[in-house]
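Close look at the chain arrangement
Below are the chains, spelled out letter by letter.
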Amino acid sequence: MQIKKPKYQIIAEDIAAKIVEKKYVIGEKIYARSIIASQYGVSAETARRAIAMLQDLEIVEATKGSGVVITSYENAVKFVHQNEGVQSIRDLQLNIQDILEHQEAELANLHDLVSELVNRTSRFKAINPFIPYQLEITEACPYLDKTISEINFWQHTGATIIAIRKGSDLLLSPGPYAALHPGNVIYFIGDDDCLIKAGQFLKL
């Protein structure tokens, strides 16, 4: 939520800033309240409050019938710097709030995307239950040159090997007597845990 300043304070700050910028000099008489009201497009009461604020800060002196006279450059500087500090803190607070709101929105969006991914994955698996997993046989495998039947692959993993790739050759439905060699890629189907079980069993 952004905090809005009163119009009279904005006018007072603007006049003080012009004093700091030397657009007004000490002893110079600036506009009467009615002219200030017209210049800033506000009521005479708002202009009066702006001048009263500057007078309270001993930046100007307002005398009935004599207008408004600039009395202190130093106090104008203090007022401007003070408001710059307050504004900087307010800006930081608003920036932090904007970032937090943006992060909350992004997290909500991420949550929705993850939920949608889970839902789509579940639907995809339901429609395509036989999408195979794959593993490459390496030298670390303790069953090199052993056949699928000899190592009881299905009994240990719950998975069924449906193909073996040897270089550019793909052997479909290899059967129980196909052997495992380094560099082979085996393709198998099974439940959700079979990939982990096969990797652990073959030490891959």
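Quick note: structure is the one above.
Calculation criteria
- Residues numbered from 1 in each chain as written.
- Predicted model: local features only at pLDDT ≥ 70, side-chain atom pairs only at ≥ 80, totals over all residues.
- Heavy atoms only, no water.
- Helix = DSSP H or I, 4+ residues; strand = E, 2+ residues; numbered from the N terminus.
- Buried < 20%, exposed > 50% of the residue type's maximum accessible area, 1.4 Å probe, protein only.
- Areas by Shrake-Rupley, 256 points an atom, 1.4 Å probe, with all protein chains shown as cover.
- Pairing = 2+ DSSP bridges.
- Axes fitted to C-alpha atoms, helices over the stretch in contact; angles between N-to-C directions.
- Contact = heavy atoms within 4.5 Å.
- Core = buried A, V, L, I, M, F, W, Y, C linked by side-chain atoms within 4.5 Å.
- Phe/Tyr/Trp six-rings, centres within 6.5 Å; stacked < 30°, edge-to-face > 60°.
- Lys NZ or Arg CZ within 6 Å of the ring centre and 35° of its normal.
- Parallel < 35°, antiparallel > 145°, perpendicular 65-115°, else oblique.
- Nonpolar A, V, L, I, M, F, W, Y, C, P; charged D, E, K, R; others polar.

Turning our eyes to something else, we now look at the overall build of the protein chain. The helix and strand tally for the protein chain stands at six helices and seven strands. Along the protein chain, helices and strands appear, N-terminal first, in the series α-β-α-α-β-β-α-β-α-β-β-β-α. Residues counted as buried form 30% of the 204 residues belonging to the protein chain. Counting only carbon and sulfur atoms, one obtains 56% of the accessible surface of the protein chain, whose full area is about 13,500 Å².

This part is about the pairing of strand β6 (residues 169–172). For a regular strand, side-chain orientation follows a simple rule: the groups alternate between the two sheet faces. Across four bridges, strand β5 (residues 160–166) lies against β6 in antiparallel orientation. Counterpart to Arg 165 in the pairing with β6 is Leu 170. Count of turn residues in the β5/β6 antiparallel hairpin: two residues, of which Gly 167 carries a positive phi of about 65°.

With that out of the way, let us pick up the sheet that holds β5. Here we have four strands laid out as an open sheet, ordered β4-β7-β5-β6, and antiparallel in their pairing. Either end of the sheet is taken by a strand with one partner, and the two such strands are β4 (133–136) and β6. Shown here is a sheet whose adjacent strand axes are inclined to one another by a mean of 25°, direction ignored. Together, β4 and β7 (185–189) form the strand contacts of helix α6 (residues 194–201), whose direction differs from that of β4 by roughly 15°.

Core analysis: the largest hydrophobic core is formed by 22 residues, its most contacted members being Ile 15, Ile 19, Ile 51, Leu 54, Ile 59 and Val 60. At the level of elements, α1 (7–20), α2 (33–40), α3 (44–56), β2 (60–63), β3 (67–70) and α4 (73–127) are the ones that each hand at least two residues to this core. If we ignore the near neighbours within four places in the chain, the residues touching Ile 19 are Tyr 24, Ile 59, Ile 70, Ser 72, Tyr 73 and Ala 76. Counting 18 residues, the second-largest nonpolar core is a separate cluster that includes Ile 137, Phe 153, Ile 164 and Ile 186.

According to the stated counting rule, one finds four aromatic pairs in the structure shown. Seen from their ring centres, Tyr 133 and Phe 188 are 6.0 Å apart, and the 35° between their planes marks the pair as tilted. Taken together, the residues Tyr 133 in strand β4 and Phe 188 in strand β7 connect sequence positions 55 residues apart. Residue Phe 188 is classed as buried on the basis of its relative accessible area of 0%. Each member of the aromatic cluster is reached from another via a ring pair, and the members are Tyr 133, Tyr 143, Phe 153, Phe 188 and Phe 201. Above the face of the Tyr 73 ring, Lys 22 is positioned so that its terminal group lies 4.9 Å from the ring centre.

Our focus in this paragraph is the sheet that holds β3. Strand order across the open sheet formed by three strands is β1-β3-β2, with antiparallel pairing between neighbours. Looking at strand neighbours, the two that pair on one side only are β1 (29–30) and β2, the edges of this open sheet. With two bridges connecting them, β1 and β3 associate as antiparallel partners. Within β3, the residue paired with Lys 29 across the bridge is Val 69. Packing against the sheet, α3 makes contact with β2 and β3, and its axis sits at approximately 125° to β2.

Remark: α2 packs on α3, axes separated minimally by 8 Å, with the N-to-C direction vectors making an angle of 110°. The angle between the axes of α2 and α3 places the two elements in the roughly perpendicular class. Taken together, the residues of α3 that come into contact with α2 (itself represented by Arg 33, Ile 36 and Ala 37) are Ala 44, Ala 47, Arg 48 and Ile 51. Its residues placed into classes, the contact of α2 with α3 shows five nonpolar, no polar and two charged.

Attention now moves to the side chain of Glu 13. By secondary structure assignment, the location of Glu 13 is in helix α1. The class for Glu 13 is buried, based on a relative accessible area of 15%. With residues near it in sequence (within four places) discarded, Glu 13 still touches Lys 5, Phe 79 and Asn 83.

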